[in-house]
Each structure stands twice: as structure tokens, then as C-alpha cells.
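Geometric and topological summary
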Amino acid sequence: MSLSLSLSPSVFKNAVCKVYRFQTVDSKWMLVREQMAECTLSFSIPKQLIALYIQEDTCRIQELKDLGELSPHWDNLRKDVISRYDQIIKEYQDTLAELEKLTGPLFKPSCSKGQKYLEFIPINLHTQRMRVMMFADVSSTDSFYDVVTVGAPAAHSQGFKNGGLQKLLSKYESEKKSHSTAYQCIYYPPEQTAKAREILCVVSQLQPHISALADQLLQTAQQSSSQPLRDVLKSLEEKVRPANAQQECIPLIRRDRKHTDELPVATVVWWDELAVLVQSLKKCVAEVAERARRSVSFVLLQEAACSTAQGLQLQQRRDAVFSQLAALACGFAMRLYAGLEDKGFLRQLHAVGLVAQFESLLSTYSEEIGMLEDMEVGISDLHRVTFRITEAASEEAVSLQPTVSGRRDHYTVEVPLPHHAFQALPEELREGKPLRVLPVLFNVGINEQQTIAERFGDISLQERINQKNFEILEGYYKSLTDTVPSECLPCFQTQTDIKELLDTLGQNVVTKKRKNVEILWLAGMICRRMNGIRLTSCKSAKDRTSMSVTLEQCSLLRDEHQLNKDYFVRALDCMRREGCRIENVQKNIKCRKYAFNMLQLMAFPKYYRPPEGTYGKVDS
């Protein structure tokens, strides 16, 4: 079987398979194969991120120390901030040490969601693939549908008494303004401090590049050839400009450039003069870089001082939530492997990137409001992630594991492919072009707590999330249709086009309708039609998620593969009773029962209820 139809055994492991045979409307037969697997990225991506958090915070401490002598007031504040960073680093180091000790399953069971040392690990992360083989008289067709299931990315171990990230960050920013006066600081809004960190990162990267180009300039000058020298000078000028040093440095370059037309006249004398200018340039850039580092570090010191301990606590919460979104890396790898032989998909990937649609079934009541607030911020933070495809050093499993690099303001996930698969990619992908994944979140609560929220509480959070993410999805569709021809997109039996589906989704997100699960169905259909990554979540990705995944699978069999409508409910019950999702329940709680009571079942929309004998009160 080709890599596109198989799940890479180096990343996806411990697969569970179930096979069914269902009758179609024309009395033919289809063979359906479910496969659920664990993913090595459940632990490897969070562990890499924790190491990067430690590295970044250690650098932050050094930057604060490099500020040199400060007034007693600012020196005391610096000591306080460094002490807080030291504490976070120690906690992260302890967490990483505990994670390194773990052996066994490659997923975190739902019963462990409150454990502190596992707070960075996604809950119950699994991949699921449904493969459909249709048998006609003389031929057969083969289709497959993927989804990633994961528990709500939220700070479960820290609790939700005071809400989640969305609420806490809003409150924190307003309080920081008042603290800025007390600490004699200037208040900087989040976008400005983010820009400051970006500048610091850019400057630290530019200085060694400029220094290397300056040395290359000297080497090229010895060759007595004018064109290579002009090329190096052009590169040097382009690098110097972002460093904002062109007023101390550009005149030097221009003087050098004037001499390039006189080569090879008096080469030795000119080279000596050039060496002096290059040293002046390197010294100049070093001074500018140091001044920029100190200025930006002082800005960040003020921010940290104004924020008190709460700011760093929120950063820890945000780190924990973001790390659980290793689910996205899992989904990207799964989608990439599935599309390696699809030229249209690969063209779309490097032209506009992919959409990743997170489906959430959380209620907007009690603790689950806080989970949804965490999840909203965490998924929004995924805009800071790009992907690159690389060639694996070897065929060994360790060489095929995705890796993460970067800082909190931007991460890059590198996904290695075997040599033969990598060489077959389009040139744009082989050159390492950064690939975007656009995350969108749609939430519709379906349980009895959502009934209470709709009748007596507040569902504005859900409404705002759905409206905002519909606009993001609509924007992606416009970019997609402006850039990529429709032939690049997959074909479906149902002829409804994406634009019509989007229009219907837009109407649904503004319609006041209780438990409007049509929002989730439409978003899922649109995602699949745009070659996207599908992810489904509830609190633990165990019970409500199982109902949603099996319903989507049977709906696809009915709409795309002519499943006989008389068999729809029977197929649904069969998958829920005997399929991969009940095995997921067994893996999590050692019991083959969905954790539903009669009150919950009465509150569920149609087709979200499991068959008799498969539910009951269990410890989850």
C-alpha cells in the first residue's frame, strides 16, 4: 500500500482496526475499515516545546542581566522578575524530567487530565481513518476520511474557578494599566510588547548574518572580479537595512560599491582600505544591535514588572494550553501523508496553506466555559505556527519524527519525509517554503448543561466564536479560489458547492437556534471539500466526541457512498457498539460504556444518542 493510504508507522502506532460490510441503495456492498491509532507527537511535541520555553526564558534572564547597572528601584524590580523566571524554569525542568521517565501508551487517558505533570500533554489524542471500498461488477473504488480526536486543549490541572484564558487575559490587561502607575512603568499593550520581542529576535539573527556577509565581502574582493562583489554588496545592504543601521553603515557600503568598477586596479591597496571599512561596519552593527537589545530588554522589563506574578502565571497557563495543540502537528502529518500523490493538494499546500477546523462540543455552562475560553486562545495562538517539509536523514523511525524550533512569538514544525517521497514533491515544497495552517474553531454544546445555558444562562461566547471563525473561514475560501483552480480540490458525490455551503453556514451562525449542530456538520463538510484538517473535541474526546465522529462517518457513507437509508441507524449503532470509539472508551477507563446518564441522553440532539446497553454511570 502506498504511503498516501497508510499511516506512517514511525508516527502513528498501536492501531485498532474494525471492518464492516454495509449494503448500498442499489443492493451492492461496501467494505468499511475503521482504524484508530495513537500518535508519537502526543508527547514528543510538548516535550520539545517545554525545552524551548526553558531556553527562551533562560535567554530572557540573560538579557535582563545584560542591561548592566540600573537605579536601585529598577534593579530591585529586575531581581524580582528574574526570580520569577527562575521559578518557572525550575518547574518546567521538573516537568520535563518527569515526562522523560514515562514509558508505555502514547496517549494521556481522560482520567489523567487533572495531573499537574501531564498538563502539557493533549488528552486522549488519537487519529481515526475510515476507508471505504466500493465493489461493482468489474471494478472497485477506494476512499478515506480522516479526523483527529483530542480532549479540550485547556489548563485542566489549574482549574476554571476564575474562567479561562480569554477572560483572564482581558482582566489582566486592564489591571496592568493600573499597576504601571504604581511601579513607575509605561504601559505597553500586548501588540507592542509582541513587536518588541520580534525586534529582539530579528536583531539577534541579523547580526551574525551581517558579520558573515562582511567576511564574505573581503574574500570576494581578493578574487578581483567585480560582479560577485556587487552581488555580495547587494546582499549586505539588504541585511543592514532591517537592522536600522544604514545612517552609521550605508555610506561605507556605497564607498565600497564605487570602487567595484575600478577592479582590478590597485587591488591590494584597495583591499586594505576595504578591510578597515568592513571592521568599521561590523563594529557599527554590533553597537546598534547592543543598543537595540538593551532598549527592548528594558521595555520587556517594564512589562514584566507591571504584570506582577499574575502575568507569568497566565503565561504558564497559555504555554500548557498551546502545547496540547500538538494535535495540529498530528493532523498536518496525517493530511500530508494522505496527499503525497495528489498534485492538486500539494499545489494548494504551498500556494495558500491549509485550513484546520476544530469542532468543539463543549457547553457554555460552569467549568466548560473556562475550557472553551482556554481553547479559543490556544487555537488562535496557532496562527504563530508554520510548517516545513524536509528530507529525512534516514529511513529510521527517529529520523522521521517531526521537530519544533522557534520562540513563543513564532514556531516552525519540520515534518521529515523519506527520500523517495520528498524527491517527488514540487520544487516549492522541497525548497523548504514555510507552509501556513489556518485554524478555525466552531463550537456547539449538546449536553444537558448546554440546555441550562440556553434557557437560563449566556451563550454569547459560543455565538461570538462561531461568527468570528466563520469570517476567517470565508476569508480563506476567497484566497483559495483566487489562487488555486477548482480542479485542485477533491470531488464529492454531493454536488453542493463550497460557496453555497458557506452561505448556509453564515446564515446558521447568526440564527438563534438551540443546539444548532448543523453548524458543525456544515463546517466539517466545508473543511473536507477544501482539503482541510479535521479535529473533534469535547472535554475528554471520549463520549460526546465518539457520538460526533460516528455520526459523521455514517453521514459520509450515506451521502457519498449510497449507504441504504434503511441501514443508516443500524450502521450508526454498530459503529458505536463494536467500533473503534468504544475501544477508545475501554482504553481510557477500562470499561466499555459511554459515560452518559438518562438526563444527558434526553438533552442530546437526534442521532447523538448511543444504542441501548452501551452507556451508564462510570468513573471518567
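Calculation criteria
- Residues numbered from 1 in each chain as written.
- Predicted model: local features only at pLDDT ≥ 70, side-chain atom pairs only at ≥ 80, totals over all residues.
- Heavy atoms only, no water.
- Helix = DSSP H or I, 4+ residues; strand = E, 2+ residues; numbered from the N terminus.
- Buried < 20%, exposed > 50% of the residue type's maximum accessible area, 1.4 Å probe, protein only.
- Contact = heavy atoms within 4.5 Å.
- Areas by Shrake-Rupley, 256 points an atom, 1.4 Å probe, with all protein chains shown as cover.
- Core = buried A, V, L, I, M, F, W, Y, C linked by side-chain atoms within 4.5 Å.
- Expected span 1.5 Å × (residues − 1).
- Axes fitted to C-alpha atoms, helices over the stretch in contact; angles between N-to-C directions.
- Parallel < 35°, antiparallel > 145°, perpendicular 65-115°, else oblique.
- Left-handed = near helix turned anticlockwise from the far one by under 90°.
- Nonpolar A, V, L, I, M, F, W, Y, C, P; charged D, E, K, R; others polar.
- Phe/Tyr/Trp six-rings, centres within 6.5 Å; stacked < 30°, edge-to-face > 60°.
- Lys NZ or Arg CZ within 6 Å of the ring centre and 35° of its normal.
- Pairing = 2+ DSSP bridges.
- Patch = residues over 30% accessible without salt bridge, like charges linked within 9 Å, V, L, I, M, F, W, Y side chains within 5 Å.
- Salt bridge = Lys/Arg side-chain N within 4 Å of Asp/Glu carboxyl O.

Going by the annotation in an unreviewed UniProt entry, the name recorded for the chain is Inositol polyphosphate-4-phosphatase type II B, with Cyprinus carpio given as the source organism.

Once that is clear, we can look at the overall build of the chain. Scanning the chain from N- to C-terminus turns up 20 helices and 10 strands. For the chain, the residues scored as buried account for 55% of the 620 residues in total. For the chain, contacts bridging at least 24 residues in sequence account for 78% of all contacts bridging at least 6. Carbon and sulfur atoms make up 51% of the accessible area of the chain, which amounts to about 27200 Å² in all.

Right, let's get into the environment of Val 232. In this fold, Val 232 is placed in helix 5 (residues 226–240). Here the alpha-carbon distance between Val 232 and Gln 216, two residues 16 residues apart in the chain, equals 7.4 Å. Setting aside residues up to four positions removed in sequence, Val 232 forms contacts with Leu 213, Gln 216, Leu 217 and Thr 220.

Phe 12, Phe 332, Leu 349, Phe 387, Ile 389 and Leu 417 are the most contacted members of the largest nonpolar core, which totals 83 residues. Leaving out residues up to four positions away in the same chain, Leu 349 has contacts with Phe 332, Leu 336, Leu 354, Ile 389, Leu 429 and Leu 435. Membership of the second largest hydrophobic core comes to 60 residues, among which are Val 484, Leu 505, Cys 538 and Tyr 615.

All right, on to helix 17 (residues 544–561) then. Under the 1.5 Å per step criterion, the end-to-end length of helix 17 is 25 Å for 18 residues, consistent within 8% with the ideal 26 Å. Across the 18 residues of helix 17, 16 count as buried, placing the element largely inside the fold. Directly after helix 17, the chain includes Gln 562, whose backbone phi takes a positive value near 55 degrees.

A few words on the packing of helix 10 (residues 367–381) against helix 14 (residues 460–483). A pair of packed helices can be characterised by two numbers: the angle between their axes and the separation between those axes. Interaxial distance between helix 10 and helix 14 falls to 11 Å at its minimum, and their mutual angle equals 20 degrees. Taken together, the axes of helix 10 and helix 14 lie roughly parallel to each other. Our pair here, helix 10 against helix 14, has a crossing hand that is left-handed. Contact residues: Ile 369, Leu 372, Glu 373 and Glu 376 in helix 10; Leu 461, Arg 464, Ile 465 and Lys 468 in helix 14. Along the lines of polarity and charge, the residues of the contact of helix 10 with helix 14 split into four nonpolar, no polar and four charged.

Before going further, it helps to examine the environment of Val 11. Relative to the elements of secondary structure, Val 11 occurs in the segment before strand 1 (12–23). Judged by its relative accessible area of 0%, Val 11 is buried. The spatial distance from the C-alpha of Val 11 to the C-alpha of Leu 400 is 7.6 Å, given a sequence separation of 389 residues. Those residues in contact with Val 11 that sit more than four places away from it in its chain are Glu 38, Cys 39, Thr 40, Leu 41, Tyr 337, Leu 400, Gln 401 and Pro 402.

Below, the discussion takes up the packing of aromatic side chains. Evaluation of the coordinates by the stated rule reveals 10 aromatic pairs. Geometrically, the ring pair formed by Tyr 20 and Phe 22 is stacked, given 5.6 Å between the ring centres and 15 degrees between the ring planes. The exposure class of Tyr 20 is buried, given its relative accessible area of 7%. The buried category is assigned to Phe 22, whose relative accessible area is 8%. Taken together, the ring pairs connect Tyr 53, Tyr 92 and Phe 120 into an aromatic cluster. Across from the ring centre of Phe 345, 4.2 Å away, lies the NZ or CZ of Arg 335, which sits over that ring. Here the guanidinium or amino end of Lys 587 rests over the ring plane of Phe 107, the centre of that ring lying 4.8 Å away.

Looking now at the pairing of strand 9 (residues 435–443). Where burial is concerned, most of strand 9 is hidden: eight out of the nine residues are buried. In the sheet, strand 5 (residues 354–360) pairs with strand 9 via seven bridges, with the strands oriented parallel. From the neighbouring strand, Leu 354 faces strand 9, where its bridge partner is Val 437. Pairing of strand 6 (residues 385–391) with strand 9, which is carried by two bridges, proceeds in the antiparallel orientation. Note on strand 9: the bridge partner recorded for Thr 386 is Arg 436.

Another point: a nonpolar patch on the surface. A grouping of Tyr 365, Ile 452 and Phe 456 is seen on the molecular surface, where their side chains present a nonpolar patch of about 320 Å² in accessible area. The topology assignment puts Ile 452 in helix 13 (residues 448–456). A residue is classified by how much of its surface remains accessible, and Ile 452, at 34% relative accessible area, is partly exposed.

It is worth spelling out the pairing of strand 10 (residues 533–537) at this point. With respect to burial, strand 10 is a largely interior element, five of its five residues being buried. By the alternation rule, side chains of strand 10 split into Ile 533, Leu 535 and Ser 537 and Arg 534 and Thr 536, which are all buried. Both strand 5 and strand 10 contribute to a ladder of five bridges, which runs parallel. Note that in strand 10 the partner of Ser 360 across the bridge is Ser 537.

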